[in-house]
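This is what each chain is made of:
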Amino acid sequence: MMQKKKILLLGEYGAFTRRIDHALSRFPDIECVIGVADARRRARLERETAHAVVAVPHDPHSIRRALEGVFAVINTRGPFVARNYTVAEQCAERGVHYVDPADSNEYVSGLVRLARKAEKHGSLIVTGAAAAPTVSALLVDMLAPEFDRIHEIHACLAHGKNDCRDFATARAILGYVDLVSRMKEKGRWREFQGWTRPQSVYFPAPVGRRRGYLCDGLDLDIFPKRYGAQTVTFRTALSSRASNFVLSFSRWLKRRGMLQSLPSPVRASLHAISALPRFGDPNGGLGVEVRGDKGGEPLDRSIFLVARDGNTSAIAAAPAIALVRKWVHQGVSAAGVTPCVGLLDWPELRNELMGYDIVLVRT
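Residues numbered from 1 in each chain as written. Predicted model: local features only at pLDDT ≥ 70, side-chain atom pairs only at ≥ 80, totals over all residues. Heavy atoms only, no water.

Enquirer: Let's hear about the overall build of the chain: which residues, and what values?
Expert: When you go through the chain residue by residue, the secondary structure sums to 13 helices and 16 strands. In summary, the chain has a C-alpha radius of gyration of 20 Å against a globular reference of 21 Å for 363 residues, a match within 12%. Overall, the chain is about 60 × 45 × 40 Å in size when its C-alpha atoms are taken along their principal axes. Here the chain holds 363 residues, and the buried ones make up 54% of them. A separation threshold of at least 6 residues defines the contact pool for the chain, and within that pool the share at least 24 residues apart is 73%. Put simply, the chain shows about 16300 Å² of open surface, and 50% of that area lies on carbon and sulfur atoms. Charged side chains in the chain number 51 positive and 37 negative. The centres of these two groups are separated by 4 Å. (Helix = DSSP H or I, 4+ residues; strand = E, 2+ residues; numbered from the N terminus. Rg over C-alpha atoms; globule rule 2.2 N^0.38 Å. Buried < 20%, exposed > 50% of the residue type's maximum accessible area, 1.4 Å probe, protein only. Contact = heavy atoms within 4.5 Å. Areas by Shrake-Rupley, 256 points an atom, 1.4 Å probe, with all protein chains shown as cover. Lys, Arg positive; Asp, Glu negative; His and termini not counted. Charge placed at Lys NZ, Arg CZ, Asp CG, Glu CD.)

Quick look at the structure:
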């Protein structure tokens, strides 16, 4: 009989985690187990879906028990902030492979301290397995051969109303809004605050114009080194102007010490806006604009993944799914800590987007 590889999914088992579970569970050599924080939820999940275990993210003993017999962990339980490395550390100590979608530079910088432990035990710890920087880098790779030199890269992730990502984005933004981030602008590193400097970004139909805000992300650190770009920006656009306003106002309150994390009124507001029929765009996507020169002449190219009707989260989930599939079917040839950029090629990622209403558009 075929021996299945056990994959532990840590998350709230909302729409995003369910998407990963359903994508991996269709393969006969993969067994997905859902890690939840309490026994009551575990019992309910086992009645409704499949296997579940109790795995409390900040409790090493709980994680250690949940990792028994596990080949790899996909951790979607944010927010991914510095010092929150319990799951990754337990995986590194036990030779279990690990992947998460975190894209904060501060979080990734702290994760590097696990490199020696992961190498010793043969574990590969991967972060940034999400739309940014993994998918955005693959889009830039498509355009890069057209340039002699790349001067600027501008990326924007626009959420759709039905992809349930506004809440997760708001929680992440408010988690690091007090920190100073940095980006390269005209060849110099400059500091900025998250969720600032809004700018209109024009996506192909049916998305159209969206208002994106500067955010911290691994694109800002990786792209200047990978492509030699002198200016790199990464923006995020929520699904509606109302959601953007709620998050901007919450950021303003938190910066003045009048708000902590993501309080119930803010969560309720974002959920209410998502439910109202007149608010929000169900379409979204990921866009990258590259500016540079070719043969001494300026050149400007853009490429977009346009997702209709709530399928934007499929773009974010695809890297983790594709990477774990690759590990299961081809093995893991390295150990240590690394971002996901460079671990997948476009055909591998494209396979995980098939079946969704997502199209690639070049302009």
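Enquirer: Can you explain the sheet that holds strand E10 (residues 196-202)? Please cite residues and give values.
Expert: The seven strands are arranged E10-E11-E12-E7-E13-E14-E16 in an open sheet whose pairing can be described as mixed. The sheet is open, and its two edges are formed by E10 and strand E16 (358-362), each paired on a single side. Mean inter-strand twist for the sheet, computed between neighbouring axes without regard to direction, equals 20°. Looking at chain direction, strand E11 (residues 209-214) and strand E12 (residues 231-237) are connected through two bridges and run antiparallel. By the bridge assignment for E12, tyrosine 213 is matched with threonine 236. (Pairing = 2+ DSSP bridges. Axes fitted to C-alpha atoms, helices over the stretch in contact; angles between N-to-C directions.)

Enquirer: Could you give me a rundown of the sheet that holds strand E3 (residues 52-54), with the residues and numbers involved?
Expert: Taken in spatial order, the seven strands of this open sheet run E3-E2-E1-E4-E5-E6-E15, and their pairing is parallel. Looking at which strands have only one partner, the edges of the open sheet turn out to be E3 and strand E15 (336-339). Taken pair by pair, the neighbouring strands of this sheet meet at an average axis angle of 20°, ignoring direction. The sheet contact formed by strand E2 (residues 30-36) and E3 spans three bridges and is parallel. For isoleucine 34, the partnering residue across the bridge sits in E3 and is alanine 52. Across the sheet, helix H1 (residues 15-25) lies against strand E1 (5-10), E2 and strand E4 (72-75), angled at about 160° from E2, the strand it touches most.

Enquirer: Can you lay out the pattern of salt bridges for me, pointing to particular residues and giving the numbers?
Expert: Under the definition given, this model contains 19 salt bridges. Across the pair arginine 291 and aspartate 300 runs a salt bridge whose closest N-O atoms are separated by 3.6 Å. The class of aspartate 300 is partly exposed, set by a relative accessible area of 38%. Taken together, the salt bridges that share partners define one network made up of Glu89, Glu93, Arg94 and Lys117. (Salt bridge = Lys/Arg side-chain N within 4 Å of Asp/Glu carboxyl O.)

Enquirer: Explain the packing of helix H12 (residues 312-330) against helix H13 (residues 346-353) to me, using residue names and the numbers behind them.
Expert: The geometry of H12 relative to H13 is characterised by a closest axis approach of 8 Å and an angle of 115° between their N-to-C directions. The handedness of the crossing between H12 and H13 is right-handed. Residues Ala314, Ile315, Ala318, Pro319, Ile321, Ala322, Arg325, Lys326 and Gln330 of H12 form the contact with H13, whose own contacting residues are Glu348, Leu349, Asn351, Glu352 and Leu353. The class makeup of the residues in the contact of H12 with H13 is eight nonpolar, two polar and four charged. (Left-handed = near helix turned anticlockwise from the far one by under 90°. Nonpolar A, V, L, I, M, F, W, Y, C, P; charged D, E, K, R; others polar.)

Enquirer: Go over the nonpolar core, please, and point to the residues and values.
Expert: Grouped together as the largest cluster of nonpolar side chains are 108 residues, with contacts concentrated most on Ile7 and Val73. No other element matches the twelve residues that H12 contributes to this core. (Core = buried A, V, L, I, M, F, W, Y, C linked by side-chain atoms within 4.5 Å.)

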